[in-house]
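Letter by letter, the chains look like this.
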Amino acid sequence: MTRAAALAGFLLVLLGLAVFGWKTWVYELPVLPTDPEGIWRVEMAVSVRGVGSRGSVRAPLPSTGPGQEVYDERSAADRLLFTIRTENGERTAIWRGAFDGVHEIAYGFRVRLERIETPLPTEAVRPPREIAEQYGGPTREFPSDAPEIAATLAALSLPPASDPAGRMRSVYAMVAHEVGSTEGGADDALIALANRAGSERGKTALLVTLLRGAGIPARPVLGLDLHRGATPRETPWAEAWAGGVWIPLSPAGAFFAERPSHLVALRPGSLVGVEATGAEAISYRYDALREHLRSEELAAMMVPPHRLLRAFSLYRLPVQTQSTLRLLMALPLGALIVAVFRNLVGVPTFGTFMPVLVAFALRDVPVHIGLAMVAAVIGLGVFGRLVLERLRLLLVPRLSILLCMVVLGVAAFALLGHEFERRELFTGVLFPIVILTMLIERFSIAVAEEGMRTALQRASYTLLVTVAVYPVLRDPTAEYVMFSFPELVLCIMGLLVWIGGYTGYRLFDLVRFRSFATLPGGAGAK
Amino acid sequence: MTTPLQILRALRRHGVLGINHRNAGYTLRWNPRSKYPTVDDKLLTKELCARAGIPTPKLLAFARVHFEIRKLREAIRDLDSFVLKPARGAMGNGILVVRGRDGDRYRVAGGRLLALEDLSYHAAGIISGLYALAGQSDVALVEERLEVHPEFAAITTEGVPDVRIIVFRGVPVMAMTRLPTRRSGGRANLHQGAVAAGIDLATGATTHAIQQSQPITHHPDTNEPLIGRVVPGFGVMLELAVRAADETGLGYVGADIVADAHHGPVLLEMNARPGLMIQLANHAGLLPRLRAIERGHREGRSVEQRIAEACAIAHACRP
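Just so it is clear, the model here is predicted, and its values are computed rather than measured.

1. Thoughts on the overall build of chain A
No. 1: Regarding its fold elements, chain A presents 17 helices and 15 strands.
No. 2: Computed over the C-alpha atoms, the radius of gyration of chain A is 34 Å, more than 25% above the 24 Å expected from 2.2 N^0.38 for a compact globule of 526 residues.
No. 3: The principal-axis extent of the C-alpha atoms belonging to chain A is close to 100 × 65 × 50 Å.
No. 4: Going through the 526 residues of chain A one by one, you find that 46% of them count as buried.
No. 5: Within chain A, contacts between residues separated by at least 24 positions form 74% of all contacts whose residues are at least 6 apart in sequence.
No. 6: Roughly 25,600 Å² of accessible area belongs to chain A as shown, and the carbon and sulfur atoms make up 61% of that amount.

Below, the structure is given as structure tokens:
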């Protein structure tokens, strides 16, 4: 490689990486698609029936807090008056009015969830007065002054009050391991304790009660457990106040000082869900859907605030243009792979970019179906060519007839796909057929001129490179990275300069000239 | 079992030229793109050789467009033996060798009998660019058929053997003869199974032989020894190769020459991207010789001086 080529390649790679680094380090653009493991759209639908009496429906509303960001809220009131009441930072939705027949009310929000992990306190901190008052003392629901509670705590031989983490752990372990879970079991703390078994709510209530009894302020939290493809489930857990923060812990969900990313807290402090007054009947349910970022949100996230970088961000383009460009930006990667195969390995293929084109043609279908389709279409084409050979047609009309046959073949695939409800075959309609016609022609010329063996060998090398290129063109991560960081094309160009300047042996040279290894001596490169 | 690393070391030791190095250091560097047409188009090569007095197979007829095929048919109506080929074909593709007649039908190499219609169809395919390097429209040529020199008869069953001489900056580098076999279907194409034998530049005698990259000592069809045969008229061939290379203006070029039974050495074609198998046939790498030629390069030397230098360099670079 010449110095100039080495340097040019180096500069290109460096420039590309520099811009890439600037965007990812300074402006913290995500290197991998940030999709958004934790974005959900949650809908709550309430049906309430009444016979003319006035009343209200109340539902706990989630707020933005640790581990969750709530936004994009909307509601449907269906003839009722909708208000949101905020009390101690906790929100309640209230629909009120005269219930007349069935009212369908709805409330929806989007939430970005993250797993949270809270450090355990190393020393006791006196809780502020309002927390101690609200969550420290006994209530009807959490009778922490009951003698059974005191007896249980005494039997636990808790660590001293200066070690709140140790106390939390002992109490948590007791409720998690010594109180069984029964569906439909007791919701009451003391009954759960007496039975050594309770419902999720009962165990949570017992945990809160015991914690308060041990001098640690604690509260229950009502939340939703979100799972892809399943209806969200209301689930309770507890939070203990220690070291200045609320520490989530759940004997039922089996987490301690952390909260997994599939939980959204609806209301801290109370386990009361949706309730109604003055209604004959009420039913409600939650629905949740994993969501992706909308393109404008993605753009807002991916366009760096710097003026120069902004100017070169492809996310500023209209969505339609973006989707075309997304395909295009993956092509340099394909070209790089072809260059590696051709110039470093030495694989002979039909045409230079034929593998990229074929891979591109097949990017909408899974690889095995794609290859089967190529084989079928080539088979059809070669058969057609053999038949046409007898008619002695001139080249251009013959190629055009081949094209017609391929079009019919692709149409047959579509029909077949439709018949068997295999959409993969159906998408084959978009198969860029000219590419395949070219492939057929090259293949059949190779058969005629160099024999079936060579032709098949070359065809399999072409398909090999196609298969190597194919995942890159299909991979959403590669597409995202190339589209978000077009400067990486400079790096690819740099690598291509290096490959282009590489004058050493190809892998296939080693195979072809391997018999030199058995020859004695050698004049050497004098 | 030889490891890739051992092979790599052996290739370096022997100075074997790889494809990347050939392209970057020789064909790209020494062959200006503008000179390619004269060697890629055999009609142009022929004209060039005619001007320089270099013998080539006699051109009997040609057709540039489809309606000229009529003219071509007139020309071959009474011929018993000729070659129909594309002006811009690569690797011997699209060449039809007619060796005799059977009444109205033409007997082609390989034993098939073809009618005049078939030949016209083939010519039409050529004109449409079916066999051209880049698929562009082409010219169909009819040339006299060369005949195997008696010296080669024992090691030729089908087709016509040729001699490939690589010339670098006006100095012959390495030579081999390519012998068609039954396996290669009568074509002098090494990838299809033709035999290649390396030639000592000074004596014109064959030194080593290979088929499909494997060393052999006897012809696979006739079982005649392949080593130590002197190529008839090899000295003239070297001279033709050097003069033709000078005419084309290409710095790194392969000249394909046939020893014809009647006319002696005849230049068949020139190749601006000569292959690398010649190294296997000679059991020698090209690099040491190419570097020696580069070092000793001086302008204005006679053809004889350069051939003498080639022999000296080949001798010095023996393993």
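Next comes the rest of the write-up.
2. Considerations on the interface of chain A and chain B
Reports often express the size of an interface as the amount of accessible area lost when the parts come together.
No. 1: Facing the 33 residues of chain A at the interface are 47 residues of chain B.
No. 2: Viewed at the interface, chain B and chain A are joined by 5 residue pairs in polar contact (both at pLDDT 80 or more).
No. 3: Broken down by secondary-structure element, the contributors of at least two residues to the side of chain A that touches chain B are helix H11 (367–391), helix H12 (395–419), helix H14 (433–474) and helix H17 (507–512) of chain A.
No. 4: At 4 residues, H14(A) tops the list of elements feeding residues into the side of chain A that touches chain B.
No. 5: In terms of residue class, the side of chain A that touches chain B is made up of 14 nonpolar, 7 polar and 12 charged.

3. Structural notes on the domain arrangement of chain B
All names here are of chain B.
No. 1: Structurally, chain B comprises domain 1 (4–54 + 149–316) and domain 2 (59–144).
No. 2: The interface of domain 1 with domain 2 comprises 12 residues on the first partner and 18 residues on the second.
No. 3: Where domain 1 abuts domain 2, roughly 1,200 Å² becomes buried across the two surfaces, and 49% of that area is made up of carbon and sulfur atoms.
No. 4: If you sort the residues of domain 1 by the area they bury against domain 2, Lys42, Leu43 and Lys46 come out on top, with a joint share of 43%.
No. 5: Summed over the shared surface of domain 1 and domain 2, the number is 2 salt bridges.
No. 6: One salt bridge in this structure joins Arg88 and Asp41, with 3.8 Å as the shortest N-O distance.
No. 7: Counting across the interface, domain 1 meets domain 2 through 3 residue pairs in polar contact (both at pLDDT 80 or more).
No. 8: Among the residues making up the side of domain 1 that touches domain 2, the classes are represented as 2 nonpolar, 3 polar and 7 charged.

4. A word on a nonpolar patch on the surface
Residue and element names in this part refer to chain A.
No. 1: A cluster of nonpolar residues, Met1, Val340, Leu344 and Tyr502, forms a patch on the protein surface that exposes about 300 Å² of accessible area.
No. 2: With respect to the secondary-structure elements, Met1 resides in the segment before helix H1 (3–26).
No. 3: For Met1, a relative accessible area of 47% translates into the label partly exposed.

5. With respect to the packing of helix H2 (residues 19–30) of chain B against helix H10 (residues 287–295) of chain B
All names here are of chain B.
No. 1: Following both chains from N to C, one finds H2 and H10 inclined at 35 degrees, their axes separated by 13 Å at the closest point. Crossing hand, H2 versus H10: left-handed. Contacts between H2 and H10 involve His21, Tyr26, Arg29 and Trp30 from the first element and Leu287, Leu290, Arg291 and Glu294 from the second.
No. 2: Each residue belonging to the contact of H2 with H10 can be placed in one class, and the counts come to 4 nonpolar, 1 polar and 3 charged.

6. Brief notes about the pairing of strand E3 (residues 96–102) of chain B
Residue and element names in this part refer to chain B.
No. 1: Note that strand E2 (residues 82–86) and E3 share 3 bridges and pair antiparallel. Across the sheet, Leu84 pairs through a bridge with Leu96, a residue of E3.
No. 2: Across 4 bridges, the pairing between E3 and strand E4 (residues 105–108) is antiparallel. Bridging from a neighbouring strand, Asp102 pairs with Arg105 of E4.

7. Here's the deal with unusual backbone geometry
Peptide bonds are mostly trans, and most non-glycine residues show a negative phi.
All names here are of chain A.
No. 1: A positive phi angle is found at Asp78, which is not glycine, with a value near 45 degrees.
No. 2: Relative to the helices and strands, Asp78 resides in the loop between strand E2 (68–76) and strand E3 (81–87).
No. 3: If you check the backbone angles, Ser157 has positive phi at about 40 degrees while not being a glycine.
No. 4: One can find Ser157 in the loop between helix H3 (147–156) and helix H4 (164–178).

8. Some thoughts on H3(A)
Residue and element names in this part refer to chain A.
No. 1: Listing the buried residues of H3 in full gives Ile149, Thr152 and Leu153. Each buried residue of H3 lies within a common arc of 95 degrees when the element is viewed along its axis, so the set occupies one face. What points out from H3, more than 90 degrees from its buried face, is the exposed set Pro147, Ala154 and Ala155.
No. 2: Of the surrounding secondary structure, the elements contacted by the buried residues of H3 are H4, helix H5 (189–195) and helix H6 (200–213).

9. Observations regarding the nonpolar core
No. 1: Counting residues in hydrophobic clusters, the biggest one holds 74 residues, and the most contacted among them are Ile165(B), Phe234(B), Tyr252(B) and Leu286(B).
No. 2: Looking at which element gives the most residues to this core, the answer is helix H8 (residues 234–248) of chain B, with 8 residues.
No. 3: With sequence-adjacent residues up to four places away left out, Phe234(B) is seen in contact with Val163(B), Ile165(B), Ala175(B), Ile199(B), Asp200(B), Leu201(B) and Gly204(B).
No. 4: One finds Leu325(A), Met329(A), Met354(A) and Ala455(A) within the second-largest nonpolar core, a separate group that totals 59 residues.

10. Focus: the packing of aromatic side chains
Residues and elements named next belong to chain A.
No. 1: By the definition in use, this model includes 14 aromatic pairs over all chains.
No. 2: Where Trp237 meets Phe255, the ring centres are 6.2 Å apart and the plane angle is 65 degrees; that geometry is what we call edge-to-face. Taken together, the positions of Trp237 in strand E9 (residues 233–242) and Phe255 in strand E11 (residues 255–256) put the pair 18 residues apart, joining distant regions of the chain. Accessibility classification places Trp237 together with Phe255 in one group, the buried group.

11. A closer look at H8(B)
All names here are of chain B.
No. 1: When the terminal C-alpha atoms of H8 are compared, their 21 Å separation across 15 residues agrees well with the 21 Å that a helix rising 1.5 Å per residue should span.
No. 2: Along H8, the positions that sit buried rather than exposed are Phe234, Met237, Leu238, Leu240, Ala241, Val242, Ala244, Ala245 and Thr248.
No. 3: Count one or two residues on from H8 and you reach Gly249, which has phi positive near 75 degrees.

12. Overview of the sheet that holds strand E1 (residues 59–63) of chain B
Each strand in a sheet pairs with another by means of backbone hydrogen bonds, the pair being arranged parallel or else antiparallel.
Residues and elements named next belong to chain B.
No. 1: The 6 strands lie next to each other as E1-E6-E2-E3-E4-E5, forming an open sheet whose pairing is antiparallel. Only two strands of the sheet have a single neighbouring strand rather than two, namely E1 and strand E5 (113–114).
No. 2: Pairing between E2 and strand E6 (residues 140–144): 5 bridges, direction antiparallel. Within the sheet, the bridge partner assigned to Val83 lies in E6 and is Glu143.
No. 3: Sitting on the sheet, helix H5 (residues 69–76) is in contact with E1, E2, E3, E4 and E6, with an inclination near 155 degrees to E1.
No. 4: Here helix H6 (residues 116–127) sits on the sheet in contact with E1, E2, E3, E4, E5 and E6, set at roughly 30 degrees to E2.

13. Let's talk about the sheet that holds strand E8 (residues 218–225) of chain A
Residues and elements named next belong to chain A.
No. 1: Here we have 5 strands laid out as an open sheet, ordered E11-E10-E9-E8-E13, and antiparallel in their pairing. Strands with a single pairing partner mark the edges of an open sheet, and in this sheet they are E11 and strand E13 (263–268).
No. 2: Note that E8 and E9 share 8 bridges and pair antiparallel. Along E9, the bridge assignment pairs Asp225 with Arg233.

14. Describing the domain arrangement of chain A
No. 1: Per the domain assignment, the segments making up chain A are domain 1 (39–114 + 279–291), domain 2 (116–260) and domain 3 (317–484).
No. 2: The gap between the C-alpha centroids of domain 1 of chain A and domain 3 of chain A is 53 Å.

15. Some details on the packing of H5(B) against H6(B)
All names here are of chain B.
No. 1: The N-to-C vectors of H5 and H6 enclose an angle of 135 degrees; their axes lie 10 Å apart at closest approach. One finds that H5 runs oblique with respect to H6. In this structure, the crossing between H5 and H6 has a hand that is right-handed. In this structure, H5 uses Ile69, Leu72, Arg73 and Ile76 to contact H6, whose residues at the interface are Leu116, Glu117, Leu119, Ser120, Ala123, Ala124 and Ile127.
No. 2: Class assignment for the residues of the contact of H5 with H6 results in 8 nonpolar, 1 polar and 2 charged.

What counts as what
- Along each chain, residues carry numbers from 1 onward, in the same order as the chain's sequence is written.
- For this description, chains carry letters from A and ligands carry numbers from 1, given in the order in which they are written.
- A pLDDT threshold of at least 70 governs which residues receive local features in this predicted model, and a stricter bar of 80 or more applies before side-chain atom pairs are shown or counted, although totals over entire chains, interfaces and linings include all residues.
- With hydrogens and water excluded, all non-hydrogen atoms of the structure serve as input to the side-chain values.
- The helix and strand labels rest on DSSP assignments: H or I over at least four residues marks a helix, E over at least two residues marks a strand, and numbering proceeds from the N terminus.
- The reference for a compact globule is 2.2 Å times residues^0.38; the radius of gyration itself is calculated from the C-alpha atoms.
- Working definition: with a 1.4 Å probe on protein chains only, accessible area under 20% of the residue-type maximum means buried, over 50% means exposed, and in between means partly exposed.
- For this analysis, residues touch if any pair of their heavy atoms sits within 4.5 Å.
- In these tables, accessible area is a Shrake-Rupley quantity obtained with a 1.4 Å probe, and a residue counts as shielded only by the protein chains included in the view.
- For the purposes of these results, a polar contact is taken to be a pair of N or O atoms within 3.5 Å, where, inside protein, one atom must be able to donate a hydrogen and its partner to accept one; residues adjacent in sequence count only when each atom of the pair is a side-chain atom.
- Classification convention: Asp, Glu, Lys, Arg as charged; Ala, Val, Leu, Ile, Met, Phe, Trp, Tyr, Cys, Pro as nonpolar; all other residues, Gly among them, as polar.
- Start and end positions for the domains come from either an automated domain assignment or a database one.
- Summed over both partners, the accessible surface that disappears when two parts come together, traced with a 1.4 Å probe, is what is meant by buried area.
- Here, a salt bridge means any side-chain nitrogen of Lys or Arg that lies within 4 Å of a carboxyl oxygen of Asp or Glu.
- Exposure above 30% relative accessible area and the absence of a salt bridge qualify a residue for a patch, where like charges join within 9 Å and nonpolar side chains (Val, Leu, Ile, Met, Phe, Trp, Tyr) within 5 Å.
- Lines fitted to C-alpha atoms define the axes here, with helix axes fitted over just the stretch in contact, and angles between the N-to-C directions of these axes take values from 0 to 180 degrees.
- Definitions for this section: a left-handed crossing has its near helix turned counterclockwise from the far helix by less than a right angle. A right-handed crossing has that turn clockwise.
- Two strands pair if DSSP finds at least two bridges between them.
- In this context, the arc is that of the directions from the helix axis out to the C-beta atoms.
- For the purposes of this section, nonpolar cores are sets of buried Ala, Val, Leu, Ile, Met, Phe, Trp, Tyr and Cys residues that join through side-chain atoms within 4.5 Å.
- Ring pairs shown here join Phe, Tyr and Trp side chains whose ring centres sit within 6.5 Å, with only the six-membered ring taken for Trp; geometry is labelled stacked below 30 degrees between planes, edge-to-face above 60, and tilted in between.
- A helix's residues, less one, multiplied by 1.5 Å, set its expected span.
- By definition in this entry, angles of less than 35 degrees are roughly parallel, angles greater than 145 are roughly antiparallel, angles of 65 to 115 are roughly perpendicular, and the rest are oblique.

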